Amino acid sequence: MASSAACIFCKIVKGDIPSFKLFESDKVFAFLDINPLSKGHALVIPKHHGAKLSDIPDDSLAALLPVVKKLVLATGAEDYNVLQNNGRIAHQEVDHVHFHMIPKPNEKEGMGISWPQQKTDMDGLKVLLAEIKSKM
Ligand code: AMP
Ligand code: ZN
């Protein structure tokens, strides 16, 4: 299992740093966020160390979302956001992949979202589609 000695979340997985553990399996670890945006805000991480989503093997990635779902059901959250940040300007502070499960109990608590939609057109989308698909 790849891990990084300097990584705070790897230390949590190993038990070197305490956490409020919610769930653990061979590939996944989940715990309460220490600075929650709302009651029940939790983090679900692969045990495999990697900074960004694209650094994590598919089998570990596939194991993560069912645990997010478990936490949604266990917290009883009706409205919630699932968030996974990659890179500093995308608001990532801890360089070990983590999915946030953030209950949204009301307008004030939980995640606030800015959604700066850009204008495009059919031709622009067609060119973009071809470009991305050619690399898949
Ligand atoms: P991000 O901005 O997506 O990298 O989010 C990092 C999250 O990790 C933040 O919500 C922090 O509150 C949380 N966090 C950082 N250190 C710990 C820790 N030791 N235990 C629990 N949560 C933590
Ligand atoms: Zn790590």
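What counts, and at which threshold
Residues numbered from 1 in each chain as written. Chains lettered and ligands numbered in written order. Predicted model: local features only at pLDDT ≥ 70, side-chain atom pairs only at ≥ 80, totals over all residues. Heavy atoms only, no water. Phe/Tyr/Trp six-rings, centres within 6.5 Å; stacked < 30°, edge-to-face > 60°. Helix = DSSP H or I, 4+ residues; strand = E, 2+ residues; numbered from the N terminus. Buried < 20%, exposed > 50% of the residue type's maximum accessible area, 1.4 Å probe, protein only. Donors = N, O, S within 2.8 Å, 3.2 Å for Na, K, Ca; no water. Tetrahedral: all angles 85-135°; square planar, octahedral: opposite > 155°, others 65-115°. Polar contact = N/O pair within 3.5 Å; in protein donor to acceptor, adjacent residues only side chain to side chain. Contact = heavy atoms within 4.5 Å. Core = buried A, V, L, I, M, F, W, Y, C linked by side-chain atoms within 4.5 Å.

Colleague: Would you mind going over the packing of aromatic side chains with me for this structure?
Modeller: In this description, a pair of aromatic rings is defined by centroid distance and the angle of the planes. This structure, assessed with the given rule, holds two aromatic pairs. A ring pair is formed by F9 and F31, whose centres lie 5.3 Å apart and whose planes are at 80°; its orientation type is edge-to-face. Residue F9 is found in helix α1 (residues 8-14), and its partner F31 is found in strand β2 (residues 28-32); the two are separated by 22 residues along the sequence. We classify F9 as buried; its relative accessible area is 6%. An aromatic cluster of at least three residues, connected via ring pairs, comprises F9, F29 and F31.

Colleague: Looking at this structure, I do not really get the coordination of the zinc ion (ligand 2). What am I missing?
Modeller: In a perfect tetrahedron of four donors around a metal, the angles come out at 109.5 degrees. In a perfect octahedron of six, they are 90 or 180 degrees. Around the zinc ion (ligand 2), the donor atoms from the protein are C7 (SG), C10 (SG), H49 (ND1) and H96 (ND1), and they sit 2.0 to 2.3 Å away. The coordination sphere of the zinc ion (ligand 2) comprises four donor atoms, whose angles at the metal cover 106 to 118°; the geometry is tetrahedral. Read in sequence order, the donor residues coordinating the zinc ion (ligand 2) give the pattern C-x2-C-x38-H-x46-H. Taken together, the residues C7 in the segment before α1 and H49 in the loop between β3 (42-46) and α2 (58-75) connect sequence positions 42 residues apart. Given the relative accessible area of 7%, C7 is considered buried.

Colleague: Which parts of the structure should I look at to understand the side chain of N85?
Modeller: Note that N85 resides in the loop between β4 (80-83) and β5 (99-103). Using a relative accessible area of 10% as the deciding quantity, one classes N85 as buried. At 3.3 Å, the side chain of N85 and the backbone oxygen of H91 are in polar contact. Those residues in contact with N85, other than ones at most four positions away along the chain, are A90, H91, Q92 and H100.

Colleague: I keep staring at the nonpolar core and nothing clicks. Help me out?
Modeller: If you look at soluble globular proteins, the nonpolar side chains tend to sit buried side by side. In terms of nonpolar packing, the biggest core is built from 13 residues, with V44, L71 and F99 touching the most fellow members. Secondary-structure elements contributing two or more residues to this core are β2, β3, α2 and β5. Ranked by residues supplied to this core, first place goes to α2 with five residues. Discounting residues that sit within four places of it in the chain, V44 has contacts with V28, F29, A30, L64, V67, V68, L71, V97, H98 and F99. Core analysis: the second largest hydrophobic core is formed by nine residues, C7, V13, F29 and L43 among them.

All we've got here are geometric facts, nothing functional implied.
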